[in-house]
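Observations on the model geometry
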Amino acid sequence: MTQIALALGAGLVGAALATSPAAAQATLANVKQKGFLQCGSNPGLAGFGVPNAQGEWSGLDVDFCRAIAAAIFNDPTKVRFIPLSAKDRFTALQSGEIDVLARNSTMTMSRDTQLGLDFPVVNYYDGQGFMVRKKLGVASAKELNGASICTQQGTTTELNLADFFRGNNLKYEVVAFATADETFKAYDTGRCDAFTTDASGLYAQRLISATPDDHLVLPEIISKEPLGPSVRHGDNQWADIVRWVHNAMLNAEEYKVTKANVDEMMKSPNPEIKRLLGAEGSFGEAIGLTKDWAYRIVKHVGNYGEVFDRNVGEGSPLKIKRGVNALWTQGGLQYGIPIR
């Protein structure tokens, strides 16, 4: 969800600025000393972050944290998931409660420049959309003139909603709630005509509706919501690790290196694959890891396409199409930076 950064308040900004450079630079050393990664996670968004009844976590962001743990420890289980609300997520990162925040958070200028945080990569390109009941007979968001819209208070979602209706000269009634759960429950019980949030969230919430097949996600995307992990500003090495974990997963998909064939691909004569898997060069060592850091990621977690498919794509209940999250070679925006 897209909580407004400015709503976090001056006190939170002050806490970020109070972080010393020495403390900021110590993340990798602290993680190794603890023996596990602490990952700030969404406790209730299917496909991105959610624990089951046995406390086992799954999701696209969850697997990203497992990939970091695999790169560092050669063990994807050496990660502890810390459930965080949208309100508390940035404070937890700034205070050092977590090492990385991977909680479907939108990168914005204010968050990147005013909160003492960095967003090294975008691991999911999203955008705000609308969901309605099929019986409403609406096929486009531009047909929602006069409708009541359920949304979460204090979010950029609420601001984007206002911009869309004003820009299209449409009237609407906002029905706002404090939490994401309250907002969707209100829509699902008929308190409003439509529900708006990030499109990925629409698909996830539709799954928990009493009657999922009765709802339709409208085609319009009314905002840019680049979602990605964030880290504390000032620790360049740690930001590099987070950045290159994502790039390694993208490059592995592009070169068709998978969990199933990664051992065989270690023998590949392709220089790109040799550098990726550590058979050539010392790229992992340059960021404080081992030569086989990317091999570990693919072996334990998979490439980006595998992670996408099983969590949110065609291999998951959400069945979200790759769209703009396809590789650049397939017309998408996901572009793995070269390892060389």
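Scroll up a little and you will see the structure.
Residues numbered from 1 in each chain as written. Predicted model: local features only at pLDDT ≥ 70, side-chain atom pairs only at ≥ 80, totals over all residues. Heavy atoms only, no water.

Should the sulfur atoms of two cysteines be covalently bonded, the bond is a disulfide. With the rule as written, the count across this model stands at two disulfides. With its sulfur 2.0 Å from that of its partner, Cys-39 forms a disulfide with Cys-65. Between Cys-39 and Cys-65, the disulfide has an S-S torsion of 50° and is therefore right-handed. You can see Cys-39 sitting in strand β1 (residues 37–41) and its partner Cys-65 sitting in helix α4 (residues 60–73), a full 26 residues away along the chain. Of the residues examined, Cys-65 reaches a relative accessible area of 0% and is grouped as buried. What pairs with Cys-150 in a disulfide is Cys-192, and their sulfur atoms sit 2.0 Å apart. (Disulfide = S-S within 2.5 Å. Helix = DSSP H or I, 4+ residues; strand = E, 2+ residues; numbered from the N terminus. Buried < 20%, exposed > 50% of the residue type's maximum accessible area, 1.4 Å probe, protein only.)

We now examine the sheet that holds strand β9 (residues 147–152). Spatially, β10-β9-β11-β8-β12 is the arrangement adopted by the five strands of the open sheet, whose pairing is mixed. This sheet does not close on itself; its edge strands, each paired only once, are β10 (172–177) and β12 (215–217). Recorded for the sheet is a direction-independent mean angle of 30° between the axes of neighbouring strands. Two strands pair when backbone bridges link them, and β9 and β10 are joined in this way by six bridges, in the parallel orientation. By the bridge assignment for β10, Ile-149 is matched with Val-174. (Pairing = 2+ DSSP bridges. Axes fitted to C-alpha atoms, helices over the stretch in contact; angles between N-to-C directions.)

The subject of this paragraph is helix α10 (residues 236–254). Note on helix geometry: an α-helix contains 3.6 residues per turn, so any two residues three or four positions apart are oriented the same way. Across its 19 residues, α10 extends 27 Å between first and last C-alpha, which sits within 8% of the 27 Å expected from 1.5 Å per residue. Backbone geometry just after α10 places Lys-256 at a positive phi near 60°. (Expected span 1.5 Å × (residues − 1).)

The phi angle of most residues is negative, glycine excepted, and most peptide bonds adopt the trans form. Although it is not a glycine, Asn-74 sits at a positive phi angle of roughly 60°. Taking the relative accessible area as the measure of exposure, Asn-74 reaches 37% and is therefore partly exposed. If you check the backbone angles, Asn-169 has positive phi at about 55° while not being a glycine. Note on placement: Asn-169 falls in the loop between α7 (156–167) and β10.

Turning to α4, a few remarks are in order. For α4, with 14 residues, the first-to-last C-alpha span of 20 Å sits near the 20 Å given by 1.5 Å per residue. Counting buried positions over the 14 residues of α4 gives 13, a clear majority of the element.

The next thing to look at is the side chain of His-246. Of note, His-246 is situated in helix α10. The class of His-246 is buried, set by a relative accessible area of 3%. Reaching out from His-246, the side chain makes a polar contact with the side chain of Gln-334 at a distance of 3.2 Å. For His-246, the contacting residues outside a window of four places in its chain are Phe-64, Val-121, Val-122, Asn-123, Tyr-304 and Gln-334. (Polar contact = N/O pair within 3.5 Å; in protein donor to acceptor, adjacent residues only side chain to side chain. Contact = heavy atoms within 4.5 Å.)

Bringing empty space enclosed by the protein into the picture now. Following the criterion strictly, the structure yields two cavities of 30 Å³ or more and no others. Together, Leu-60, Phe-64, Asn-123, His-246, Met-249, Tyr-304 and Val-307 line the largest cavity. For the lining of the largest cavity, the per-class residue count stands at five nonpolar, two polar and no charged. (1 Å grid on protein atoms, 1.4 Å probe; cavity = no way out; pocket = protein on both sides within 12 Å on 5 of 7 lines; lining within 4 Å. Points joined across faces, edges and corners; volume = space filled by probe spheres on them. Nonpolar A, V, L, I, M, F, W, Y, C, P; charged D, E, K, R; others polar.)

A water-sized probe rolled over the atoms picks out the places where empty space is left. The volume enclosed by the largest pocket comes to roughly 410 Å³. Considering the residues around the largest pocket, the lining is formed by 25 residues, among which Arg-103, Gln-152, Thr-179, Ala-180 and Asp-181 are closest to the centre. Only β9, α8 (180–188), β11 (194–198) and α9 (199–207) provide two or more residues apiece to the lining of the largest pocket. The residue inventory of the lining of the largest pocket, partitioned by class, reads eight nonpolar, 14 polar and three charged. The space that makes up the second largest pocket amounts to roughly 340 Å³. Forming the walls of the second largest pocket are 21 residues, and the residues nearest its centre are Ala-199, Tyr-203, Ile-221, Ile-320 and Lys-321.

By the definition in use, this model includes 11 salt bridges. Notably, a salt bridge pairs Lys-34 with Asp-99, separated by 2.8 Å at the nearest N-O pair. One end of the pair, Lys-34, is in helix α3 (residues 27–34); the other, Asp-99, is in the loop between α5 (89–95) and β5 (100–101), with 65 residues separating them in the sequence. Using a relative accessible area of 4% as the deciding quantity, one classes Asp-99 as buried. Arg-166 is the salt-bridge partner of Asp-163, the closest N and O atoms lying 3.4 Å from each other. Of this pair, Asp-163 and Arg-166 both sit in helix α7, three residues apart, which is roughly one turn of that helix. Looking at Asp-163, the relative accessible area reads 43%, which means it is partly exposed. (Salt bridge = Lys/Arg side-chain N within 4 Å of Asp/Glu carboxyl O.)

Moving on to the nonpolar core. Ranked by internal contacts, the top residues of the largest apolar core, which has 58 residues, are Ile-68, Val-100, Trp-238, Val-245, Met-249, Val-257 and Leu-276. Here Ile-68 is in contact with Leu-37, Val-100, Trp-238, Val-242 and Val-245, once residues within four sequence places are set aside. In terms of nonpolar packing, the next biggest core, distinct from the first, is built from 13 residues, Phe-130, Leu-161, Phe-165 and Ala-194 among them. (Core = buried A, V, L, I, M, F, W, Y, C linked by side-chain atoms within 4.5 Å.)

Now for the sheet that holds strand β4 (residues 79–83). What the three strands build is an open sheet, ordered β4-β1-β5; its pairing is parallel. Looking at which strands have only one partner, the edges of the open sheet turn out to be β4 and β5. As judged from the two bridges shared by β1 and β5, these two strands associate in the parallel manner. When the sheet's bridge partners are listed, Cys-39 is paired in β5 with Val-100. This element, α4, spans β1, β4 and β5 of the sheet and lies at about 150° to β4.

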